[in-house]
Amino acid sequence: MSSESCCGGLNVEAAVRERYSAAANQSEAALCCPVSYDRQFLEIIPPEILERDYGCGDPSKHVRAGETVLDLGSGGGKICYIAAQVVGASGRVIGVDCNDEMLNLAREYQIVVGDRLGFHNVEFRKGKIQDLKLNLERFERFLAENPVRSSSDWLRAEEHASSLRASAPLIADSSVDVVVSNCVLNLVRSEDRRQLFSEIFRVLKPGGRAVISDIVSSDDVPAELQADVNLWSGCISGAFREDRFLAAFESAGFHGVEILERQIEPWTTVGPLEFRSLTLRAFKPQLTTTSDFRHAVVYRGPWKSVTTDFRQDFVRGERVDVRDAEFAMLAQPPYREQLVLLPNANVEIGAAPSGSMFVSLDLAADAGECCSPGSKCC
Ligand SMILES: C[S@@+](CC[C@H](N)C(=O)[O-])C[C@H]1O[C@@H](n2cnc3c(N)ncnc32)[C@H](O)[C@@H]1O
């Protein structure tokens, strides 16, 4: 679907709200794309939540212990409650949704699930995922005390929303290790999507990652299908065209964009169009500073050459000198297995500058260990 295309404007948001309000109270089979979750994580989740599963993948498989996870469009909270078990007591999980009924469903079992788990590391916040700065519950409190009866009231409310965004953002800049989402991005209006991707980028820590399961289409969705708000709220006509879904992350500044899972058979078809679930992962770059080209890498293959998201070509078997920050990045997934790492290749042994960037980069610790004697990669 082209980014400039129309998708029914505000009707889309109303249709999505109505559909998911109803689906929070009464399970709707048509909204569900069969997913097999790891059963061990489902045991402590109440059936009311499991029955209202409107996902199309399982991004929680890709989170790790101790991480801070943000789930966009958390619905009944299933992915949050699974992720809570994976990240453990030292991690935390925040679900964001803008639908009151879904938030009520998710919050109803927050204490129960936490008690079963032995710790309470999940919370649900009300917000639009394309505007992760605005805390809608705080804004609602302001509106209750300052009802909008005139355009001046409206302007004052807008000013208050701006000041809330700045002073008490729903999700702070660079605060999250992993953004996950399960079957939600396709519901966001076309005109809000650029901001959606930049919000995902903003809230991630440098080096953090997005793991997103969503519905993609095999070709552009024609305008008449996009105008059908039922198909939109049903995760069909707002689907991203598959290649554009990956490109959207690239355009927002992510690197290492990769398909982790892709349904072979389509979930559904409309005429010649196929709609299927896809899970991708994309990384926010580390902070970079300039430094000398102290390190080098050699691309192992099997492709003759590859191009990075930073537009650098690696030719199979050819040594390429790289800066510290880039080396630290390449020494991590998803690149590490594909490269021979040559740390300090351009520095005499023992002559590495002290206080180098390696001590200040999170990724660098691993790069150092990776190349210690007896390690797997050297
Ligand atoms: C298809 S359901 C997926 C729910 C959940 N991720 C799951 O796996 O069951 C979509 C959810 O996203 C929420 N949603 C849709 N658009 C949203 C938006 N712009 N901002 C926040 N939440 C949104 C809906 O309220 C609903 O709970």
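Keep in mind the model is a prediction, meaning the values are calculated, not measured.

Asks: Would you mind showing me how to read the overall build of the protein here?
Replies: Scanning the protein from N- to C-terminus turns up 13 helices and 14 strands. A buried classification covers 40% of the 378 residues belonging to the protein.

Asks: It is not clear to me how the sheet that holds strand 13 (residues 319-322) should be interpreted in this structure. Could you clarify?
Replies: One key point about sheets: their strands pair by backbone hydrogen bonds, in either a parallel or an antiparallel sense. Overall, antiparallel pairing links the 3 strands, which are arranged 13-10-14 in an open sheet. The open sheet terminates on both sides in strands that have one partner only, identified here as strand 13 and strand 14 (339-342). For this sheet the average axis-to-axis angle between neighbouring strands, irrespective of direction, equals 25°. Sheet topology places strand 10 (residues 295-299) next to strand 14; 4 bridges connect them, and they run antiparallel.

Asks: Mind showing me how you'd approach the site of the ligand here?
Replies: Contacts to the ligand come from 25 residues, most closely from G55, G73, G75, N99 and N182. Of all the secondary-structure elements, those providing two or more residues to the shell around the ligand are helix 1 (10-25) and helix 3 (78-87).

Asks: I would appreciate a short explanation of the packing of helix 6 (residues 136-145) against helix 7 (residues 151-167) in the present structure.
Replies: In helix packing, the relevant descriptors are the interaxial angle and the interaxial distance, both defined with respect to the helix axes. Where helix 6 meets helix 7, the axes come as close as 10 Å, and the angle between the chain directions of the two elements is 150°. Compared by their axis directions, helix 6 and helix 7 come out roughly antiparallel. Judged by the twist between their axes, the crossing of helix 6 over helix 7 is right-handed. Across the interface between the two elements, R138, F139, F142 and L143 from helix 6 touch A157, H160, A161 and L164 from helix 7. Taken together, the residues of the contact of helix 6 with helix 7 sort by class into 6 nonpolar, 1 polar and 1 charged.

Asks: What is the right way to look at the nonpolar core in this model?
Replies: A general trend in soluble globular proteins is that nonpolar side chains are found buried together. L70, A83, V179, V180 and A210 are the most contacted members of the largest nonpolar core, which has 76 residues in total. The greatest single-element share of this core, amounting to 7 residues, is contributed by helix 3. Once residues lying within four places of it in the same chain are set aside, the contact partners of A83 are S60, V63, V69, D71, V93 and V180. In this structure, V297, Y299, F327 and M329 belong to the second largest nonpolar core, which totals 12 residues.

Asks: So what exactly am I meant to see when it comes to the environment of M329 here?
Replies: By the secondary structure assignment, M329 is in helix 12 (residues 324-330). Here the alpha-carbon distance between M329 and G207, two residues 122 residues apart in the chain, equals 8.2 Å.

Asks: Got a minute to help me understand the confidence of the model for the protein in this structure?
Replies: Detail in the predicted coordinates should be disregarded across regions flagged by low pLDDT. Counting all residues, the mean pLDDT for the protein is 88, and 88% of those residues have values of 70 or more. Low pLDDT, under 50, characterises residues 1-8; the stretch is placed with 24 contacts to residues that sit more than four places away or in other chains. Across residues 349-378 the pLDDT falls below 50, and counting only partners more than four positions away or on other chains, this stretch makes 39 contacts in the model.

Asks: Just to check I follow, could you spell out unusual backbone geometry for this structure?
Replies: Leave glycine aside and you will find that most residues have negative phi; peptide bonds, for their part, are mostly trans. Following G301, the chain continues to P302 via a peptide bond in cis, the omega torsion being 15°. Along the chain, P302 turns up in the loop between strand 10 and strand 11 (305-307). Along the chain, P333 connects to P334 via a cis peptide bond; the corresponding omega equals 10°. Inspection of the secondary structure assignment puts P334 in the loop between helix 12 and strand 14. One non-glycine residue, C183, lies in positive phi territory at about 70°. Relative to the helices and strands, C183 resides in the loop between strand 4 (176-182) and helix 8 (193-203). On the neighbour-count criterion, C183 (25 C-beta atoms within 10 Å) is buried.

Asks: Help me understand the pairing of strand 9 (residues 273-283) in this model?
Replies: For a regular strand, the rule is simple: side chains alternate between the two faces of the sheet. The element strand 9 is largely enclosed, with a buried count of 9 among its 11 residues. The hairpin turn running from strand 8 (residues 268-270) into strand 9, its antiparallel successor, is 2 residues long, and G271 in that turn takes a positive phi close to 60°.

Asks: Quick question: what am I supposed to make of the pairing of strand 2 (residues 92-97) here?
Replies: Counting buried residues along strand 2, 6 of its 6 residues qualify, which places the element largely inside the surrounding structure. Burial along strand 2 is two-sided: the residues R92, I94 and V96 and V93, G95 and D97 are all buried. Both strand 1 (residues 68-72) and strand 2 contribute to a ladder of 5 bridges, which runs parallel. Each residue of the ladder has a partner; that of V69, found in strand 2, is V93. Crossover connection from strand 1 via helix 3 to parallel strand 2: handedness right-handed. Alignment of strand 2 against strand 3 (residues 122-126), held across 5 bridges, turns out to be parallel. In the strand pairing of strand 3, V93 is matched with V122.

Conventions we followed
- Residue positions within a chain follow its written sequence, with the count starting from 1.
- This being a predicted model, a pLDDT of at least 70 is required before a residue's local features are given, and a value of 80 or more before pairs of side-chain atoms are given or counted; all residues contribute to the totals for chains, interfaces and linings.
- To qualify as a helix, a DSSP run of H or I must reach at least 4 residues; to qualify as a strand, a run of E must reach at least 2; elements of each kind are numbered from the N terminus.
- The exposure label follows from counting other C-beta atoms within 10 Å of a residue's C-beta, where the C-beta atoms are placed from the backbone and the thresholds are 20 or more for buried and 12 or fewer for exposed, leaving partly exposed in between.
- Should DSSP find at least two bridges between two strands, the strands are regarded as paired.
- Helix axes use the C-alpha atoms of the stretch in contact, all axes being lines fitted to C-alpha atoms, and the angles between their N-to-C directions lie in the range 0 to 180 degrees.
- Here is the check we use: build the C-beta atom from the backbone, and if it is within 6 Å of the molecule or strand, call the residue near.
- An angle below 35 degrees is treated as roughly parallel, one above 145 as roughly antiparallel, one from 65 to 115 as roughly perpendicular, and anything else as oblique.
- Here a crossing is called left-handed whenever its near helix is offset anticlockwise from the far helix by less than a right angle, and right-handed whenever the offset is clockwise.
- For the purpose of contact definition, each residue receives a C-beta atom placed from its backbone, and two residues are in contact when these atoms lie within 7 Å.
- Classes in brief: Ala, Val, Leu, Ile, Met, Phe, Trp, Tyr, Cys and Pro nonpolar; Asp, Glu, Lys and Arg charged; the others, Gly included, polar.
- What makes a nonpolar core is a set of buried Ala, Val, Leu, Ile, Met, Phe, Trp, Tyr and Cys residues, with links drawn between C-beta atoms within 7 Å.
- Per residue, pLDDT captures the predictor's confidence, and it can take any value from 0 to 100.
- Handedness is read with the strands pointing away from the viewer; a crossover is right-handed when the path from the first strand over the helix to the second is clockwise.

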